[in-house]
Amino acid sequence: MVAQLWKGRFQKELDEKVNDFNSSIRFDARMYRQDIQGSIAHATMLGEQQIIEPSESQTIVAGLKEILADLENGQLEIDETAEDIHMFIETELTKRLGQTGKRLHTARSRNDQVALDLRFYLKEEVETLIALMQELSTTFCQVAKENTETVMSGYTHLQRAQPITFAHHLMAYVQMFLRDIERLRETQKRLDVMPLGSGALAGTTYPINRGRVAEILGFAQVTQNSLDGVSDRDFCLELNSDLAILMMHLSRFCEEVILWCSWEFKFVELDDAYATGSSMMPQKKNPDITELIRGKTGRVVGNLVTLLTMMKGLPLAYNKDMQEDKEAIFDTVDTVKLCVSTLTPMVATMKVLKENMYQAAAKGFINATDCADYLVKKGLPFREAYQVTGEIVAFCIEQEQTLETLPLADYQKFHPTFAQDIYQAIDLVECVNQRQVIGGPAKIQVEVQIKEALEKL
Ligand code: ARG
């Protein structure tokens, strides 16, 4: 077990089990680079401000750079018994530099240090998440481009409702993804605030230059209240809630893919590389990826609840409870990255079974609204047209007919206005392409949606 840097007033060694219990190094070691870069910026500023000797500042910076290099090329291993990544790096620095190493922590506390490291780490992760979502959205747009004429039924209550295209359906998800990206960008603004200088809770008496540290590290602003600087974890809550919403979107899509892969639908077929078999049933091809994403959504939502519950009721400022933030938010970020990066190639390689989509659409009376609209265009009030069409649908079901196959003479029994042009009015392709309202499923409209989405991306 490594010696504690704070042991000045203590007369006994920390109990080994308590040390394990207390330690966060298993999960905060991943922030080693941010921790070192933060320390380099801090030491540089301390030297510039003459708070420590400029020569000592240079020695510390060089020492930190060496530690970073050694960690990265495997020369230095993380000590699992250290209390956390901050203590580990400072201890290592002191091992290498002696007295000079001990000057690094001047005008700093682990409370503002950990707040910095976490913001810094998550800022970079958000960039990665945005890039992954851009790839996913672009893939959706590409598949949509190939399916602007692929007629399928749109559903409400999972009942066939009205004709749309597969492209229109996919582009609905792109709208959600664009909002997900926008939310991440918003969160990014609040992550981009530098807390170092808040000290343990009450700032510091040293003449530090907080703006300079922010500048070196590439942060847009510095935090404005030292208590808030060390006790704020809104950025974790906000990011996790953005990602919970994002996962809910993926989960809805995955649920649809699961349905579409069933024999009952057979709208898509997953590439063999993205589906799995059963150990017992030789005929099976299972959409495991999508089920896992649906399942992992629960985990991300759970992490949000963990974070909210952990923060609720904590008095200002830092409390050790807050060490629990990292496992939750890291698990969320890891999970979402994994899900998005697996989903993208699955969608890119998925085979769209256009004919099956069309067949399912043709059997569902999804052009009944269009039949009613036909009568409205001929002068009937909508409610009456609705009633007449409902009676025709009931008749068709009884006669095992569809609106497309029902003879004109039968139509005319329900209303004399029906003429030969009814068949064109209820043609599914025609029904889709008549819906030219902004945001509608008509080919020309969906093409606009795709173009605008790609521009935004
Ligand atoms: N490992 C701690 C955490 O993750 C670092 C901050 C410790 N501060 C303290 N006063 N014990 O939250």
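Values in this document were obtained by computation on a predicted structure and should not be read as measured data.

Caption draft 1: Quick look at the UniProt feature "domain: Argininosuccinate lyase C-terminal" (unreviewed entry) in the chain. According to UniProt, the feature "domain: Argininosuccinate lyase C-terminal" (unreviewed entry) maps to residues 365-433 in the numbering used here. As annotated, residues 365-433 has a helix share of 65% and a strand share of 0%, and its two end C-alpha atoms lie 17 Å apart.

Caption draft 2: Broad picture of the nonpolar core. Counting 72 residues, the largest nonpolar core has L122, F166 and L250 as the members making the most contacts within it. The set of elements that each furnish at least two residues to this core consists of helix 6 (110-145), helix 7 (166-191), helix 10 (234-261), helix 11 (288-311), helix 12 (325-349), helix 13 (354-362) and helix 19 (443-456). Ranked by residues supplied to this core, first place goes to helix 10 with 14 residues. Contacts of F166, omitting those with residues within four sequence positions, involve V143, N147, T150, M152, W260, V268, M350, V352 and M357. In terms of nonpolar packing, the next biggest core, distinct from the first, is built from 33 residues, I51, V61, L64 and L68 among them.

Caption draft 3: Summary view of a nonpolar patch on the surface. Side chains of L201, L227 and L316 sit close together on the surface and give an oily, nonpolar patch of about 270 Å² of accessible area. Within the fold, L316 resides in the loop between helix 11 and helix 12. With relative accessibility at 64%, the residue L316 sits in the exposed group.

Caption draft 4: Highlighting the UniProt feature "domain: Fumarate lyase N-terminal" (unreviewed entry) in the chain. Here the UniProt feature "domain: Fumarate lyase N-terminal" (unreviewed entry) sits at residues 8-302. For residues 8-302, the end-to-end C-alpha separation is 40 Å, with 61% helix and 6% strand making up the annotated structure.

Caption draft 5: Layout of the pairing of strand 1 (residues 151-156). In the sheet, strand 1 pairs with strand 2 (residues 159-165) via six bridges, with the strands oriented antiparallel. Its bridge partner lying in strand 2, V151 is registered against T165. Between the end of strand 1 and the start of strand 2, which pair antiparallel, lie two residues, with H157 showing a positive phi angle near 55°.

Caption draft 6: Spotlight on the site of the ligand. As a matter of local geometry, the ligand sits amid S24, D84, H86, R110, N111, V114, Y318, Q323 and K326. One of the side-chain N or O atoms of Y318 is found 2.6 Å from an oxygen atom in the ligand. Between Q323 and the ligand, the recorded distance is 2.8 Å, taken from a side-chain N or O atom to a nitrogen atom. Ranked by the residues each element gives to the shell around the ligand, the list is headed by helix 6, at three residues. For the shell around the ligand, the residue count by class is two nonpolar, four polar and three charged.

Caption draft 7: Local environment of the pattern of salt bridges. Applying the stated criterion to the full structure yields 31 salt bridges. Between R30 and D334 there is a salt bridge whose closest N-O contact spans 2.7 Å. Residue R30 is located in the loop between helix 2 (25-28) and helix 3 (32-48), and its partner D334 is located in helix 12; the two are separated by 304 residues in the primary sequence. Relative accessible area serves as the criterion here: at 32%, R30 is assigned to the partly exposed category.

Caption draft 8: Just helix 15 (residues 382-399), in detail. Between the first and last C-alpha of helix 15 there are 25 Å, a value that for 18 residues agrees with the 26 Å anticipated at 1.5 Å per step. Those residues of helix 15 lying buried are A385, V388, T389, I392, V393 and C396. The arc that holds every buried residue of helix 15, seen down its axis, measures 145°, which confines them to one face. Facing away from the buried side of helix 15 by more than 90 degrees, the exposed set consists of R383, I397 and E398. Buried residues along helix 15 sit against helix 14 (368-377) and helix 16 (408-414). One or two residues past the end of helix 15 sits E400, with phi positive at roughly 55°.

Reading guide: rules and limits
Residues numbered from 1 in each chain as written. Predicted model: local features only at pLDDT ≥ 70, side-chain atom pairs only at ≥ 80, totals over all residues. Heavy atoms only, no water. UniProt positions renumbered as here; feature names shortened; annotations may be inferred. Helix = DSSP H or I, 4+ residues; strand = E, 2+ residues; numbered from the N terminus. Core = buried A, V, L, I, M, F, W, Y, C linked by side-chain atoms within 4.5 Å. Buried < 20%, exposed > 50% of the residue type's maximum accessible area, 1.4 Å probe, protein only. Contact = heavy atoms within 4.5 Å. Patch = residues over 30% accessible without salt bridge, like charges linked within 9 Å, V, L, I, M, F, W, Y side chains within 5 Å. Areas by Shrake-Rupley, 256 points an atom, 1.4 Å probe, with all protein chains shown as cover. Salt bridge = Lys/Arg side-chain N within 4 Å of Asp/Glu carboxyl O. Pairing = 2+ DSSP bridges. Near = heavy atom within 4 Å. Polar contact = N/O pair within 3.5 Å; in protein donor to acceptor, adjacent residues only side chain to side chain. Nonpolar A, V, L, I, M, F, W, Y, C, P; charged D, E, K, R; others polar. Expected span 1.5 Å × (residues − 1). Arc of directions from axis to C-beta.

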